[in-house]
Amino acid sequence: MVMELVGLAEIEAAQKRIAGTAVKTGLYRLEGETASKLPYEVWIKAESEQPIGSFKLRGAFNKVASLEKDALSRGVITYSSGNHAQGVAYAGRALGSKAVIVMPNNAPEVKKVATRELGAEIIEVGPASKDRKVKAEELEAAHRYSMIPPYDDPYIVAGQATCGVEIVDQLPDVDVVLSPVSGGGLLSGVSTGVKLKKPTAKVFGVEPEEAGDATESFHKKELVEWPAEKTTRTIADGLRTQSLGELNFAQILKYTDDIFTVSEEEIFAAMKVYLHETKLVPEPSGAVTLAGALFHADKLPAGTKKVVVVLSGGNIDPVLKDSLLG
């Protein structure tokens, strides 16, 4: 069976659906001491400027807004470590639908609090991404909720793809775009949006070495799954998914040029650059792309002049932020 991929029509429909809710985020050039040492310009796509502090609002709102009224009246449910949870909670509140979120018990407290403050009901399970998916599916069946998957869904991919379209609109001569990758919602969307608007641009996924399942899958050209005890080692809590989604993988294979990993030390170093040399606040998952640009220029095409790094979110734990600023 051939999987139907998300195309420009779905992306344009998503743009209309999320207009007025998800914002067109800023694109800022990295300047200062660190930038002066790089062989190319680095531009930051600040998805931390979304109302929930993360790109996840794009896909979540697009999916929830696509539901019929009777489905909205029964409520929506998802499984998430934090940012997608807030996106679904925000969308549910805006559209008058109850939102139930299954979260891992090791999710950052700042993300749990933010999700509750948006009116969602939280149910906690173990740290494995499979645990929360299974529980959410149980509740979906029992209460006839509508599932809002965190990444493996065409409406989610189309919503996230609006970020890629914006990048090309904002910087038409972009050479390379770096996107974080976990379950693949953002990377598959950004890759698709960028390539459909500018086929000559290159798009790379970046993820932590400690959760490198997407890199392995991409290079083997087959989906692999990493155990939770491995992926939960990374500080990048939003990138601990154990495997790419099937639709996401198909889109990534068609539109992404490569995926590579960065170390935990490189993630921390990139976060310090954000905090000390820009006005932007990164969460660890959002900093992996800057880490890729700072430390892995050899992975990018020769002659690259303009690189866009997607800062996927800014929902950092206050204690971690203070430690990095100290």
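The present account deals with the structure reproduced in this document. (Residues numbered from 1 in each chain as written. Predicted model: local features only at pLDDT ≥ 70, side-chain atom pairs only at ≥ 80, totals over all residues. Heavy atoms only, no water.)

### As for the overall build of the chain
Thought 1: Helices and strands together make up the secondary structure of the chain, namely 15 helices and 10 strands.
Thought 2: For 326 residues, the compact-globule formula gives about 20 Å, and the C-alpha radius of gyration of the chain, at 18 Å, lands near that figure.
Thought 3: For the C-alpha atoms alone, the extent of the chain along its principal axes is close to 55 × 45 × 40 Å.
Thought 4: Within the chain, buried positions represent 61% of all 326 residues.
Thought 5: Considering only contacts in the chain between residues 6 or more positions apart, those separated by 24 or more positions represent 74%.
Thought 6: Roughly 12800 Å² of accessible area belongs to the chain as shown, and the carbon and sulfur atoms make up 50% of that amount.
Thought 7: Across the chain, the 37 positively charged side chains and the 44 negatively charged ones have centroids separated by 4 Å. (Helix = DSSP H or I, 4+ residues; strand = E, 2+ residues; numbered from the N terminus. Rg over C-alpha atoms; globule rule 2.2 N^0.38 Å. Buried < 20%, exposed > 50% of the residue type's maximum accessible area, 1.4 Å probe, protein only. Contact = heavy atoms within 4.5 Å. Areas by Shrake-Rupley, 256 points an atom, 1.4 Å probe, with all protein chains shown as cover. Lys, Arg positive; Asp, Glu negative; His and termini not counted. Charge placed at Lys NZ, Arg CZ, Asp CG, Glu CD.)

### So, the sheet that holds strand E9 (residues 258–262)
Thought 1: Taken together, 6 strands build an open sheet; the order of strands is E1-E2-E10-E7-E8-E9 and the sheet is mixed. Both outer strands of the open sheet, strand E1 (27–29) and E9, are each paired with one neighbouring strand and no more. Each adjacent strand pair in this sheet contributes to an overall mean axis angle of 30 degrees, direction not counted.
Thought 2: Here strand E8 (residues 202–208) pairs with E9 via 5 bridges, running parallel. Residue pairing across strands places Phe204 opposite Asp258, the latter belonging to E9.
Thought 3: Each of E1, strand E2 (41–46), strand E7 (176–180) and strand E10 (306–311) is contacted by helix H8 (residues 154–170), which is oriented at about 135 degrees to E2, the strand it contacts most. (Pairing = 2+ DSSP bridges. Axes fitted to C-alpha atoms, helices over the stretch in contact; angles between N-to-C directions.)

### Brief notes about helix H3 (residues 56–65)
Thought 1: In terms of residue burial, H3 counts as a mostly covered element, since 9 of its 10 residues are buried.
Thought 2: Burial in H3 covers these residues: Lys56, Leu57, Arg58, Gly59, Ala60, Phe61, Asn62, Lys63 and Val64.
Thought 3: On its buried face, H3 is in contact with helix H1 (8–18), E2, helix H4 (69–74), helix H5 (83–95), strand E6 (146–147) and H8.

### Section: the packing of aromatic side chains
Thought 1: With the rule as written, the count across this model stands at 1 aromatic pair.
Thought 2: The ring of Phe218 has Lys221 lying over it, and the distance from NZ or CZ to the ring centre is 4.2 Å. (Phe/Tyr/Trp six-rings, centres within 6.5 Å; stacked < 30°, edge-to-face > 60°. Lys NZ or Arg CZ within 6 Å of the ring centre and 35° of its normal.)

### Let's talk about helix H10 (residues 213–220)
Thought 1: Taken together, the buried positions of H10 are Asp213, Ala214, Thr215, Ser217 and Phe218.
Thought 2: Summarising the contacts, the buried residues of H10 are in contact with E8, helix H12 (246–255) and E9.
Thought 3: Trailing H10 by a residue or two, Lys221 shows a phi angle of about 60 degrees, which is positive.

### Focus: the packing of H1 against H3
Thought 1: Where H1 contacts H3, the two axes come as close as 9 Å, and the packing angle between them is 90 degrees. Put simply, H1 runs roughly perpendicular to H3. Counting all contacts with H1, which are made through Ala14, Arg17 and Ile18, the residues of H3 involved are Arg58, Phe61, Asn62 and Ala65.
Thought 2: Of the residues that constitute the contact of H1 with H3, the class distribution is 4 nonpolar, 1 polar and 2 charged. (Parallel < 35°, antiparallel > 145°, perpendicular 65-115°, else oblique. Nonpolar A, V, L, I, M, F, W, Y, C, P; charged D, E, K, R; others polar.)

### A word on empty space enclosed by the protein
Thought 1: Inspection of every chain in the model, using the stated rule, returns 2 cavities of 30 Å³ or more.
Thought 2: Looking at the largest cavity, its volume works out to about 360 Å³.
Thought 3: In terms of lining residues, the largest cavity is bounded by 31 residues, among which Lys56, Ser81, Ser182, Gly238 and Thr241 are the most central.
Thought 4: The set of elements that each furnish at least two residues to the lining of the largest cavity consists of H5, helix H7 (129–143) and helix H9 (185–197).
Thought 5: Per-element tally for the lining of the largest cavity: the top contributor is H9, with 3 residues.
Thought 6: Within this model, the second largest cavity holds a volume of roughly 70 Å³.
Thought 7: Surrounding the second largest cavity, 15 residues form its lining, Pro104, Asn106, Pro127, Arg132 and Arg240 being those nearest its centre.
Thought 8: Of all the elements in the fold, those that place two or more residues in the lining of the second largest cavity are H7 and helix H11 (228–231).
Thought 9: Residue composition of the lining of the second largest cavity, grouped by class: 6 nonpolar, 6 polar and 3 charged. (1 Å grid on protein atoms, 1.4 Å probe; cavity = no way out; pocket = protein on both sides within 12 Å on 5 of 7 lines; lining within 4 Å. Points joined across faces, edges and corners; volume = space filled by probe spheres on them.)

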